[in-house]
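Each chain, letter by letter, is given below.
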Amino acid sequence: MKAVKNSGVITETTTMLDLEHLSKYTGGSNALVAQGGGQRGIFTSGVLDAFLLSDFDPFHRFYGTSAGALNLAAFLCRQKGIGRSFILDLTTSPEFFHLFSYIRRKRYLGLDWALDKISEYPYKLDINMGRRVLGDRQAYAAVTDSSRLIDRYLPILEDNWKQVLIASCAIPRLYDREVCFEHGCYIDGGVSASIPVQEAWRQGARCIIVIRTESDEAAPAEPLISPNHNVEWYRDSLNVAQEHWQQKLSQWKLDWNEFLNERISRSQLQKLKDHHLVSLNGGRWLFGADDIYRLSHLLGDNFDSGLADMLMVHYQTYSLTQEFLTNPPDDCFIVEIKPDQPLLSSSLMSDEEELRHDYQRGLDAGFRCVAAFEQCGLTQFNIRFNNAS
């Protein structure tokens, strides 16, 4: 297998980039993509604060999912530390989530409360500044169409920005409803687009920086059906693949029972090693299949076919995304910024010290990224968008 030259990785400790090859891709459209991950998004907050401190914003397009979209909003509003504060101050509050209140009284995730808080003193997210900074560039939050379970992308900083960010974070079973607009109803973008890198590529970005919240040691995706390794991304977009999968849903459901039973059996073994009542430490989506099953059981809910369909789509789309990142098209260069070891924080209910530690790791990785681009003399990466004047 030939080495892939048009991708690279930056962590808080290492830089693995072919800078000479990268320089061939930086003259066109550049995109910044931010993965979700709940409270693990504190790593992304650190990366973006390093960018702000370094005056590093060469991007024409922005794509974020869930916590990634929230962090991008803070970055565009030029408010260093506000993404960190959102996670460290607000998502650790019982007003945002309290496990036993959720189990006993079905008190759902306080997304509306948190977005109201971040709009007020002492945080005061400056959306007007964000719009001026964005100018004629584009920034999108990934959401999932609740009826078709395919990815959609909504502008982040328009008048309905709170509703858009809530939709991108509206995790099934944790948030109590779909988020509806005139054009449709949506749920968590992590169901169909955990890392919206393909959309950035489809829209013309050829140098793409992807901020991840999981390391190489994270558990790999476990698709129900092996992905087609002969897919040519020039001809088949992810949405075409998703439509093809929709036609095969009946076969998926036959395969799903075996897959789910295997996941549940594994969770039972893990539970013997773990003294927690319920694991909320899901990976790329907030929960793994086993965690949703256990939590639904605690709440007395049925593990219904709708939830099973969402999980199937999630595993499949993540598998294709991983394939795209591993073997990107020849016409683009992808730089992944991610932790070199699994983050200490979890998707939810993390310790404050763990969050502070992971923020620092993101800050270090962000500075390392800026230094790499400066080292290879890519002066075009000092593009300034002075729309805020």
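Look a little higher up for the structure.
Residue numbers run consecutively from 1 along every chain, following the written order of its sequence. It should be noted that, the model being predicted, local features are given only for residues of pLDDT at least 70 and side-chain atom pairs only at 80 or more, the latter also being counted only at that level, while totals for whole chains, interfaces and linings use all residues. Side-chain calculation: all heavy atoms of the structure are included, whereas hydrogens and water are not.

Caption draft 1: How the structure looks around the packing of helix α4 (residues 82-90) against helix α14 (residues 352-375). In this description, a line fitted to the C-alpha atoms serves as the axis of each element, helices being fitted only across the stretch in contact, and the angle between N-to-C directions of two axes falls anywhere from 0 to 180 degrees. Put simply, DSSP marks the helices as runs of H or I at least four residues long and the strands as runs of E at least two long, and each gets a number from the N terminus on. Across the interface, α4 lies against α14 with an axial gap of 10 Å and an inter-helix angle of 165°. For the element pair α4 / α14, the angle class is roughly antiparallel. Where α4 crosses over α14, the handedness of that crossing is right-handed. Seen from α4, the contacting residues are Arg84, Ile87 and Leu88; seen from α14, they are Glu352, Leu355, Arg356 and Tyr359. Between 65 and 115 degrees an angle is taken as roughly perpendicular, under 35 as roughly parallel, over 145 as roughly antiparallel, and anywhere else as oblique. It is the rotation of the near helix from the far one that decides the hand of a crossing: anticlockwise by less than a right angle makes it left-handed, clockwise makes it right-handed. In what follows, a contact means two residues having at least one pair of non-hydrogen atoms within 4.5 Å.

Caption draft 2: Quick look at the packing of aromatic side chains. Side-chain rings of Phe, Tyr and Trp (the six-membered ring for Trp) are treated as a pair once their centres are within 6.5 Å; stacked means planes under 30 degrees apart, edge-to-face means over 60, and tilted covers the remaining angles. Inspection of every chain in the model, using the stated rule, returns 12 aromatic pairs. Taking the centre distance of 6.5 Å and the plane angle of 75° together, the rings of Phe51 and Phe75 count as edge-to-face. Placement of the pair is Phe51 in helix α2 (residues 42-53) and Phe75 in helix α3 (residues 67-76), with a sequence separation of 24 residues. Judged by its relative accessible area of 0%, Phe51 is buried. Taken together through their ring pairs, the aromatic side chains of Phe51, Phe56, Phe59, Phe62, Phe75 and Phe373 make up a single cluster. Residue exposure (1.4 Å probe, protein chains only): buried if accessible area is under 20% of the type maximum, exposed if over 50%, otherwise partly exposed.

Caption draft 3: Representation of the environment of His314 in the model. Mapped onto the elements, His314 comes out in helix α13 (residues 305-326). A sequence separation of 120 residues divides His314 from Ser194, and the C-alpha atoms of the two residues are 8.0 Å apart. For His314, the side chain forms a polar contact with the main-chain oxygen of Gly190, separated by 3.0 Å. Under the rule applied, a polar contact is a pair of N or O atoms within 3.5 Å (in protein, one hydrogen donor and one hydrogen acceptor; residues adjacent in sequence only if both atoms are side-chain atoms).

Caption draft 4: Molecular detail of α3. Counting buried residues along α3, 10 of its 10 residues qualify, which places the element largely inside the surrounding structure. Taken together, the buried positions of α3 are Ala67, Gly68, Ala69, Leu70, Asn71, Leu72, Ala73, Ala74, Phe75 and Leu76. Arg78 lies just past α3 and shows a positive phi near 60°.

Caption draft 5: Looking closely at the pattern of salt bridges. By definition, a salt bridge exists where a carboxyl oxygen of Asp or Glu is found within 4 Å of a side-chain nitrogen of Lys or Arg. Inspection of every chain in the model, using the stated rule, returns 17 salt bridges. Of the charged contacts, one joins Arg212 and Glu214 as a salt bridge, the two residues approaching to 2.9 Å between their closest N and O atoms. Just as Arg212 is buried, Glu214 falls in that class too. Of the charged contacts in the structure, one is a salt bridge between Glu336 and Arg212, with a shortest N-O distance of 2.5 Å. A residue pair is termed long-range when its members are at least 10 positions apart, and Glu336 in strand β10 (residues 333-337) and Arg212 in the loop between β9 (207-211) and α10 (238-247) qualify at 124 residues. For Glu336, a relative accessible area of 8% gives the class buried. The network of salt bridges with common partners includes Glu12, Asp340, Asp358 and Arg361.

Geometric values such as these leave the question of function open.
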